[in-house]
Amino acid sequence: MGLLPKISPMSLLGLPLNTQYSTLASLAVKLPVTTLFRLTVTGANMPVQSKRQALGTLFDGRAPKQPARSLNSLWATMPAMQPIPISPTALFPTIEWQEAGQPCTARWRSERGAAPPKKVVLADDTMTADVAYRLACEGTALLWRGDFQNARQMLQAMARRSDESGKTDKRGRKPKVNPLASKIVADCSIDTGAAAVSGMDSAPAIDPAEAAKGFHMHRQAQAQRARVLGMVLINFDTDYAMALRRAPDARQACAEGWGPPAADETACVASLRELLGLISAHEWRKNGIEIAALGAAPNNRIYPHYGVFSPQRGEYVSLLVKMPLPKGEDLTVFDIGTGTGVLAAVLARRGLSHIVATDLDPRALVCAQENLQRLQVDVELLQANLFPPIEKGLADLIVCNPPWLPARPSSPLEHAVYDEGSSMLLGYLNGLAAHLAPDGEGWLVLSDLAEHLGLRTRAELLAAIKAAGLQVAGRMDTKPAHAKASDATDPLHAARTKEITSLWRLKVKPAKVS
Ligand SMILES: C[S@@+](CC[C@H](N)C(=O)[O-])C[C@H]1O[C@@H](n2cnc3c(N)ncnc32)[C@H](O)[C@@H]1O
């Protein structure tokens, strides 16, 4: 009985059934009234609703109700467990369709967490883009049976239709003005002087409500576009090969994103859009990105993995090279949310040798490990929620580049881009004082795009810094130079032209001497 897992009834009712139950598991749970339930958890990677339904069917064995008795005696009365035949597809979401008069089913894969489409029809080269687009808009998925390259072209044609429809309203009229473009009027300066310490110099004069409305409308449009374009589906064999004419060999790309195929892997279906994302991530991972802040080529590349925040915008990385290091010998550094490990690597190249880097995301940790090894820099990597455990001591420098936009991620892949409720930013600020050594510094990398989009004000940022018992000791700014910053067709262009990325130097505010 000592092996009974410790699971509180509340945690069961809250359904945090996570990946630790990714395989079929039988659990015995002790409830407060000494009732023994046998629970069979049938799968992870299920939407919460499915988990709820699954849990509804889990109570497959319940000992007869007894007056208070010991768990051991209840265990003895529990009927012997019967093996439950379970098909491999019960462990993950499935997609169903009809083909040649037969019902078919396969594992459904969606890294963006989309539910399997309920209506699926077969499609091939004879279908026109207009028909495909209409069906997709109606929520009917198209399982592709034609030539792979034609499917790609079909997707492009559907994307054009989606973009065109976004430019007009339902009656085909063009919207009057982009609310973001008309509201953003302030001109921001780059300044590292005294005004930077007050932090108030670049606050934009915008109507935050209007700007935020524009941003949320933009995200809604993006989500709708993703839903429609995600309706073109591809079948994969158990080794991720595709049996379509002119299909590329994307097995490696799939294995990098989905994990290597298991020994008992089943055939699966995923959207063509997801596959193209996997292929493009595979190319980035293969070729890497040159990071000037890491020194001269060739030993200055970072190789991002699928789903890990990519440092394509080099300007924020360069800030870490220019900022003077805190004084002292043998500094201890923490890099919070290390992603590809790029900031830790830059600091290691600056000569810092005692660096601990954390991330919550296992993919990020694997990616960082690979990059740091390749760059031959010594960094300790830990999976942690923000700061390393207290046994790792205090740090002289704690860097963090949290996601810059406080908004809800619409998929697990967006957790490195959107920081709902500014939780990572606030967690970092609020934990700094407790983890900094005397005279230590926090370096916060943050763009002010959120301010230009009406999602956060400068005053709110400064108030959060103050509330955490910190003060601004300096700031270094830079203007983004990446392609998106000058892309006039980007709906967020007006905000992006104003964007400034800053490295904030934060120190613990000295206590007042009374
Ligand atoms: C914007 S990315 C920055 C990555 C990297 N530091 C860089 O500058 O390229 C934010 C990173 O923080 C990680 N993250 C998010 N919440 C976290 C948390 N609570 N604790 C640790 N890491 C977290 C994400 O997985 C992601 O890798």
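Counting restarts for each chain: residues are numbered from 1 in the order of the written sequence. Where local features are concerned, this predicted model is filtered to residues with pLDDT of at least 70; where side-chain atom pairs are given and counted, the filter is 80 or more; whole-chain, interface and lining totals use all residues. Excluded from the side-chain calculations are hydrogens and water; all other atoms, namely the structure's heavy atoms, are used.

### So, the overall build of the chain
Next, step 1: Each helix is a run of H or I in the DSSP string that is no shorter than four residues. Each strand is a run of E no shorter than two, and both are numbered from the N terminus. From N to C terminus, the chain includes 17 helices and 18 strands.
Next, step 2: Taking as baseline every contact in the chain between residues at least 6 positions apart, the subset at least 24 positions apart corresponds to 67%.
Next, step 3: Accessible surface, the chain as shown: approximately 25,700 Å² in total, 55% of it carbon and sulfur. Any two residues having at least one pair of non-hydrogen atoms within 4.5 Å are treated as being in contact. Computed with the Shrake-Rupley method and a 1.4 Å probe, the accessible areas treat only the protein chains shown as cover for residues.

### Concerning the pairing of strand β9 (residues 268–271)
Next, step 1: With burial as the criterion, each face of β9 is covered, one bearing C268 and A270 and the other bearing V269 and S271.
Next, step 2: Here the rule is simple: two strands pair whenever DSSP picks up at least two bridges between them. Sheet topology places strand β5 (residues 102–108) next to β9; 2 bridges connect them, and they run parallel. Bridging from a neighbouring strand, R107 pairs with C268 of β9.
Next, step 3: Here strand β8 (residues 232–236) pairs with β9 via 4 bridges, running antiparallel. Among the inter-strand pairings, F236 is bridged to a residue of β9, identified as C268. Burial classification: accessible surface area is computed with a 1.4 Å probe over protein chains only, and a residue below 20% of its type maximum counts as buried, one above 50% as exposed, and the rest as partly exposed.

### A look at the sheet that holds strand β6 (residues 119–123)
Next, step 1: Across the sheet, which stays open at both edges, the 6 strands sit in the order β4-β5-β9-β8-β7-β6 with mixed pairing between neighbours. With one partner strand each, in any of the chains shown, β4 (94–99) and β6 form the two edges of the open sheet. Shown here is a sheet whose adjacent strand axes are inclined to one another by a mean of 40°, direction ignored. Note on method: axes are straight lines fitted to C-alpha atoms, helices fitted across the in-contact stretch only, with angles between N-to-C directions ranging 0 to 180 degrees.

### A look at the sheet that holds strand β18 (residues 501–508)
As a general point, the strands of a sheet are linked pairwise by backbone hydrogen bonds and lie either parallel or antiparallel.
Next, step 1: Spatially, 7 strands are ordered β14-β13-β12-β15-β16-β18-β17 in an open sheet, and the strand pairing comes out mixed. Bordering the open sheet on either side are β14 (380–383) and β17 (470–478), each of which pairs with just one other strand. Within the sheet, the average angular offset between the axes of one strand and its neighbour, ignoring direction, is 20°.
Next, step 2: Two strands pair when backbone bridges link them, and strand β12 (residues 332–336) and strand β13 (residues 354–359) are joined in this way by 5 bridges, in the parallel orientation. Note on β13: the bridge partner recorded for T332 is H354.
Next, step 3: Packed on one face of the sheet, helix α13 (residues 362–374) meets β13 and β14 and runs near 175° to β14.
Next, step 4: On the sheet, helix α16 (residues 458–467) packs against β16 (436–447), β17 and β18 and is oriented at approximately 140° with respect to β17.

### With respect to the environment of P402
Next, step 1: Looking at where P402 falls in the secondary structure, it is placed in the loop between β15 (395–400) and α14 (423–435).
Next, step 2: Through-space distance from the C-alpha of P402 to that of Y428 is 8.5 Å; in sequence the pair is 26 residues apart.
Next, step 3: In contact with P402, other than residues within four places in its own chain, are M424, L425, L444, V445 and L446.

### Describing the pairing of β4
Across a regular strand the side chains alternate sides, sitting on one face of the sheet and then on the other.
Next, step 1: Bridging between β4 and β5 involves 6 bridges; their strand directions are antiparallel. Note on β5: the bridge partner recorded for W97 is C104.
Next, step 2: Linking two consecutive strands that pair antiparallel, namely β4 and β5, is a turn of 2 residues; a positive phi of about 50° is found at A100 within it.

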